[in-house]
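What follows is each chain in one-letter form.
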Amino acid sequence: MTLFQCAGCSESIPSHKVRLHCEVCYDYSLCANCAILGVVTPPHSKNHDTTLHRESGLASVQSSPVSARGPPRLMQAWSTLFDMDTLEARPSGIDLLSAIFDCVAEKTGIMTPEAYSSLLDLVDCPVEDNIWKDTLESAKGPDKEKQAIDMLRQYFDAFSIDYDLYDVAIGGEGDESDTYQAPCLTRKGFIKLWKADCLHNPERACDEANLILQHYQPPIWRDRGEVPRSVFPQERMSYEDQEAFYSARKKAKRVSKLPSPPRASPPQRRPSLGLSTWTDTLAYTRPRQIVPDRELWAQSIQAAKEAKEAFEIQRARQELEALRVRNERDLADLRRSNEIEYIRAQQEMHMDSMRGIERTRSLINGVGEGQEYVIEPYYR
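A brief structural summary. Keep in mind it's a predicted model, so treat the numbers as computed, not measured. (Residues numbered from 1 in each chain as written. Predicted model: local features only at pLDDT ≥ 70, side-chain atom pairs only at ≥ 80, totals over all residues. Heavy atoms only, no water.)

1. Considerations on the overall build of the protein
For the protein, the count of helices and strands is eleven helices and ten strands. When each of the 380 residues of the protein is scored for burial, the buried share is 25%. Counted over contacts in the protein with a minimum sequence separation of 6, partners at least 24 positions apart contribute 59%. Carbon and sulfur atoms make up 53% of the accessible area of the protein, which totals about 27,200 Å². (Helix = DSSP H or I, 4+ residues; strand = E, 2+ residues; numbered from the N terminus. Buried < 20%, exposed > 50% of the residue type's maximum accessible area, 1.4 Å probe, protein only. Contact = heavy atoms within 4.5 Å. Areas by Shrake-Rupley, 256 points an atom, 1.4 Å probe, with all protein chains shown as cover.)

Written out as structure tokens, the structure is:
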């Protein structure tokens, strides 16, 4: 039996003194002074659950480091995070991104735009890469938050990012606030969004992941330690190349769903009937002539081509209709502007004619310059 040792000041804790024990870290205790001063040493965190013992007691001496909570967990090794053939996350990558999502989402199952923005601020992400801040700063007018929410939703829809809509209060506090549906990232959407960043810049993604894990210290960080650079992709892949890869894969899936021509079944031979010679057997068991039904396959291919042509024709008609409506609107605006200019020109001509009439009448009446005169109504 021996005394417990404080992890903060490295002093032995008397058996009759108060001791603070961490329920998460292995064999981690603090004396009363270090606990009051808020001393924290790795791997301990203030977010860990702790137990206060009024009397420290004595620690049992064992040949192997085994605590009351059981043997220490073995450190698992990180494996490759992404499959570069399919650009999908492997189990190790899903575990890493899910751990980050759970740290920020706080067991709610969703990540609000503000929470995602705070996560990017934690890793010193530039403003142009922070979707929420970028959309909020680019929005104009009194309803900036609503415009930013709409722009963020359009961004998620454009890149097929999975999200859920939840009511949020914006525009004030209390009764003055207004509710609006904001897109909140789901676990699936966060993994896809963060995966694109990892493929685009693996070096920065590795540093950001380790920084987030060290800040929140989730169980996966205590089990596996820091994420090495070797498990991330070795080469960068731009967002355009990723989008082209996904588009090509979708196109290949659509082509694979087209009906294939049926194969001819092998010729079937009748069972032996005990014929005497092989010539009689060959004559009796002639194979059936089975012709594959290629006409049905050709019809399905033709129907698919016709459907594609009909879709393109419909889209061209819609574009022409939109162009016609836009031209009519522009023509109406041009006519309206021409009418306004014509009315102004008539008014100016009328004023010029009135001024000419006034000068002529003044000369006829003999009124000189600087003299007052009264203009009587003149009607043509």
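2. Notes on the sheet that holds strand S5 (residues 50–53)
The strand order across the open sheet built from three strands is S4-S3-S5, with neighbouring strands paired in antiparallel fashion. Edge positions in the open sheet fall to strand S4 (29–31) and S5, since each of these has one partner strand only. Each strand axis lies, on average, 25 degrees off the axis of its neighbour in the sheet, ignoring direction. Relative to S5, strand S3 (residues 19–22) runs antiparallel, the two sharing four bridges. When the sheet's bridge partners are listed, cysteine 22 is paired in S5 with threonine 50. (Pairing = 2+ DSSP bridges. Axes fitted to C-alpha atoms, helices over the stretch in contact; angles between N-to-C directions.)

3. Overview of the pairing of strand S1 (residues 2–5)
In this structure, S1 lies alongside strand S2 (residues 12–13), joined through two bridges in antiparallel fashion. If you follow glutamine 5 over to S2, its bridge partner there is serine 12. In this structure, the hairpin formed by S1 and S2 is closed by a connection of six residues, where serine 10 is found at a positive phi of approximately 60 degrees.

4. Observations concerning unusual backbone geometry
The phi dihedral of leucine 87 is positive, around 60 degrees, even though this residue is not glycine. Looking at leucine 87, the relative accessible area reads 1%, which means it is buried. Notably, glutamine 217 is not glycine yet its phi reads approximately 50 degrees, a positive angle. Here glutamine 217 is to be found in the loop between helix H7 (202–216) and helix H8 (219–224). Classification of glutamine 217 as buried rests on a relative accessible area of 11%.

5. Comments concerning the nonpolar core
Membership of the largest hydrophobic core comes to 47 residues, with the highest contact counts inside it found for Leu96, Tyr116, Phe190, Trp194 and Phe232. Mapped by element, the contributors of at least two residues to this core are helix H2 (91–105), helix H3 (113–122), helix H4 (131–138), helix H5 (144–158), strand S10 (178–185), helix H6 (187–200), H7 and H8. No other element matches the seven residues that H2 contributes to this core. In this structure tyrosine 116 touches Met111, Ile131, Leu185, Phe190, Leu193, Trp194 and Asp197, once residues within four positions along its chain are discounted. Grouped together as the second largest cluster of nonpolar side chains are nine residues, Cys6, Ile13, Cys22 and Cys34 included. (Core = buried A, V, L, I, M, F, W, Y, C linked by side-chain atoms within 4.5 Å.)

6. Details of H3
The complete set of buried residues in H3 reads Pro113, Ala115, Tyr116, Ser117, Leu119 and Leu120. Those residues of H3 that are buried are in contact with H2, H4, H5, S10, H6 and H7.

7. Re the packing of aromatic side chains
Using the criterion set out here, one finds six aromatic pairs in the structure. With 6.4 Å between their ring centres and 80 degrees between their planes, tyrosine 116 and phenylalanine 190 make a pair best called edge-to-face. Within this pair, whereas tyrosine 116 is found in helix H3, its partner phenylalanine 190 is found in helix H6, the two being separated by 74 residues in sequence. Across this residue pair, the class does not change: tyrosine 116 and phenylalanine 190 are buried. Three or more aromatic residues joined by ring pairs form one cluster here, namely Phe101, Tyr116, Phe190 and Trp194. (Phe/Tyr/Trp six-rings, centres within 6.5 Å; stacked < 30°, edge-to-face > 60°.)

8. As for the pattern of salt bridges
Throughout the structure, instances matching the rule amount to twelve salt bridges. A salt bridge links glutamate 203 to arginine 229, with the nearest nitrogen and oxygen atoms 3.2 Å apart. Of this pair, glutamate 203 sits in helix H7 while arginine 229 sits in the loop between H8 and helix H9 (239–256), and the two are 26 residues apart along the sequence. By relative accessible area, which is 31% here, glutamate 203 ends up partly exposed. Owing to a relative accessible area of 26%, arginine 229 belongs among the partly exposed residues under this scheme. Between arginine 355 and aspartate 352 there is a salt bridge whose closest N-O contact spans 2.2 Å. With arginine 355 and aspartate 352 both in helix H11 (residues 294–365) and three residues apart, this pair spans about one turn of that helix. Looking at arginine 355, the relative accessible area reads 39%, which means it is partly exposed. (Salt bridge = Lys/Arg side-chain N within 4 Å of Asp/Glu carboxyl O.)

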